[in-house]
Amino acid sequence: MKILYFDCYAGISGDMTIGALLDLGVPPDYLREILALLPIPLSEYAFQAEATSRRGVRATKFTVRARESHGHRSHAGIAEMIFRSSLPGRVKDLSRSIFLRLAEAEAAVHGVSLDDVHFHEVGALDSIVDIVGTAICIDYLGAAEFYAAPLPLGGGVVDTAHGRLPVPAPATAELLKGLPVHAGITEGERVTPTGAAIISCLVSGAGLPPSFTCRAVGCGAGERDFADVPNILRVFTGERSGSLACDEVRIVEAHLDDMNPEILGYLMDRLLAAGALDVAFSPLQMKKNRPGVRITVITPASEVEMVARMVLTETSAIGVRHYPAARLKLERGVEERETSLGAVRVKVIREGGAVLRTVPEFEECRRIAEATGIPLQEVYRIIEKETGGA
């Protein structure tokens, strides 16, 4: 399975992204051919990809030149244009998703509805080429999994149509929600709204990819040449070294030494019902020699605040810790199988499509045991044997 890893050590923008993807081997003529499927006259814009360097490091610089105009395009109009075009389906879907993220950020910053979000036409043409071009390149490369390093916040101010604004610009800051960032670079605008929208749509969270065999590295140059690091986006591509799936979760923890333990069972049920992936309690020896308990919750990144709020309101905790964790996992699914005890639902565990084992579902086994009078452990044994369970 092909992976793309975005090494955003210097930041990311739309033109840096396309530059890096072209540097990976996407033919510029192919990009031009597919972009021509949009209902935009070729006389409206032109692009070029040329070799350059940033602080002595070679990279590809992608530049769009749009014809001057005083018109504007709405988000709805751009989405409709992409939808009705002859672009490949995957390109349409990713392009519309990125534009939607941009429009949502602009709407949140300016306090307007999505219908009221407009882009100045020159800027819209730049964005259309950057965003649709990125989707075309990703489709050409055939990547299926995407990962990204934490994004630099940058620093200082940036000149915009709304005047001088702090870096990251408000729309960029909105798009960075849910993505790990760092403040190790404090000069200039390092992440643009388009770059943040691309990353937020491609990856579910920033983090290191699983082990993979690196086949190529593409470098895309940014507009400026900063003094600290080469202003380059690197994109690594390759194939997984193994067949384990990988994603990123959040660990939420709290320590308690003054709780009625009966409430913890209630909390576990609520957390699991609300979408937590797992909940565990561990015994602790805490200050003043008090016995305590560690609450550990594994949750999707999108549910961290919900989990934290539930722990804080349902327990005596006044604070929680949370941190990201990469998770390697086997494929799993629930399937119905025929047995001598009737149709039963079992959990099927696979790796790379091959079945490793089947595991009886407890509730199914209990239902059969209560209905037949067969001991529960015997029900387990029969189902495991007849469904190929380990």
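Residues numbered from 1 in each chain as written. Predicted model: local features only at pLDDT ≥ 70, side-chain atom pairs only at ≥ 80, totals over all residues. Heavy atoms only, no water.

Draft legend 1. Structural context of the sheet that holds strand β16 (residues 321–329). The 4 strands are arranged β14-β15-β13-β16 in an open sheet whose pairing can be described as antiparallel. A single partner strand is all that each edge strand has here, and the edge strands are β14 (278–286) and β16. Strand after strand, the sheet turns through a mean of 30° between neighbouring axes, direction not considered. Sheet contacts for helix α8 (residues 261–274): β13 (245–256), β14 and β15 (290–299); angle to β14, the most-contacted strand, approximately 145°. Sheet strands in contact with helix α9 (residues 304–314) are β13, β15 and β16, and its direction is about 20° off that of β13. (Pairing = 2+ DSSP bridges. Helix = DSSP H or I, 4+ residues; strand = E, 2+ residues; numbered from the N terminus. Axes fitted to C-alpha atoms, helices over the stretch in contact; angles between N-to-C directions. Contact = heavy atoms within 4.5 Å.)

Draft legend 2. The arrangement of the sheet that holds strand β17 (residues 331–339) in detail. Sheet architecture is open: 3 strands sit in the order β17-β18-β19, paired in antiparallel fashion. Looking along the sheet, the strands with just one partner apiece sit at the ends: β17 and β19 (354–360). Strand-to-strand twist across the sheet, computed as the mean angle between neighbouring axes with direction ignored, equals 35°. Pairing of β17 with strand β18 (residues 342–351), which is carried by 9 bridges, proceeds in the antiparallel orientation. The residue of β18 that forms the bridge with G333 is V348. Strands β18 and β19 of the sheet are contacted by helix α10 (residues 362–372), whose axis makes an angle of about 155° with β18.

Draft legend 3. Examining the packing of helix α3 (residues 75–84) against helix α4 (residues 89–110) more closely. α4 packs onto α3 with a crossing angle of 175° between their chain directions and a minimal axis gap of 10 Å. It follows that α3 is roughly antiparallel to α4 by the angle criterion. Counting all contacts with α3, which are made through H75, I78, A79, E80, I82 and F83, the residues of α4 involved are K92, S95, R96, F99, L100 and A103. Counted by class, the contact of α3 with α4 contains 7 nonpolar, 2 polar and 3 charged residues. (Parallel < 35°, antiparallel > 145°, perpendicular 65-115°, else oblique. Nonpolar A, V, L, I, M, F, W, Y, C, P; charged D, E, K, R; others polar.)

Draft legend 4. Quick peek at the pattern of salt bridges. Applying the stated criterion across every chain, the model contains 19 salt bridges. Where R215 meets E239, a salt bridge forms, and the shortest distance between an N and an O atom there is 2.7 Å. Of this pair, R215 sits in strand β11 (residues 212–221) while E239 sits in strand β12 (residues 232–240), placing them 24 residues apart in sequence. Using a relative accessible area of 59% as the deciding quantity, one classes R215 as exposed. You can call E239 partly exposed: its relative accessible area is 26%. Across the pair R366 and E363 runs a salt bridge, and its minimum N-O distance is 2.7 Å. Of this pair, R366 and E363 are both found in helix α10, 3 residues apart, which corresponds to roughly one turn of the helix. Of the residues examined, E363 reaches a relative accessible area of 48% and is grouped as partly exposed. (Salt bridge = Lys/Arg side-chain N within 4 Å of Asp/Glu carboxyl O. Buried < 20%, exposed > 50% of the residue type's maximum accessible area, 1.4 Å probe, protein only.)

Draft legend 5. Broad picture of the layout of surface pockets. In this structure, the largest pocket encloses a volume near 1,500 Å³. What lines the largest pocket is a set of 49 residues, among which T160, E189, T192, P193 and T194 lie closest to the centre. Counting residues per element, the ones that place at least two in the lining of the largest pocket are α1 (14–23), β3 (57–66), α4, β5 (118–120), α5 (121–141), β8 (157–160), α6 (170–175) and α7 (193–202). Considering each element in turn, the lining of the largest pocket owes the most residues, 6 residues, to α5. Its residues assigned to classes, the lining of the largest pocket comprises 21 nonpolar, 17 polar and 11 charged. (1 Å grid on protein atoms, 1.4 Å probe; cavity = no way out; pocket = protein on both sides within 12 Å on 5 of 7 lines; lining within 4 Å. Points joined across faces, edges and corners; volume = space filled by probe spheres on them.)

Draft legend 6. Quick look at the packing of aromatic side chains. By the definition in use, this model includes 3 aromatic pairs. Arranged with centres 6.1 Å apart and planes meeting at 45°, the rings of Y5 and F236 form a pair that is tilted. Of the two residues, Y5 is situated in strand β1 (residues 2–7) and F236 in strand β12; the sequence distance between them amounts to 231 residues. On the basis of relative accessible area, Y5 is assigned to the buried category, the value being 12%. (Phe/Tyr/Trp six-rings, centres within 6.5 Å; stacked < 30°, edge-to-face > 60°.)

Draft legend 7. The arrangement of the pairing of strand β2 (residues 45–54) in detail. Pairing of β2 with β3 involves 10 bridges; the strand directions are antiparallel. Across the sheet, F47 pairs through a bridge with V64, a residue of β3. A loop of 2 residues connects β2 with β3, the two strands running antiparallel in sequence, and R55 in this loop sits at a positive phi of about 55°.

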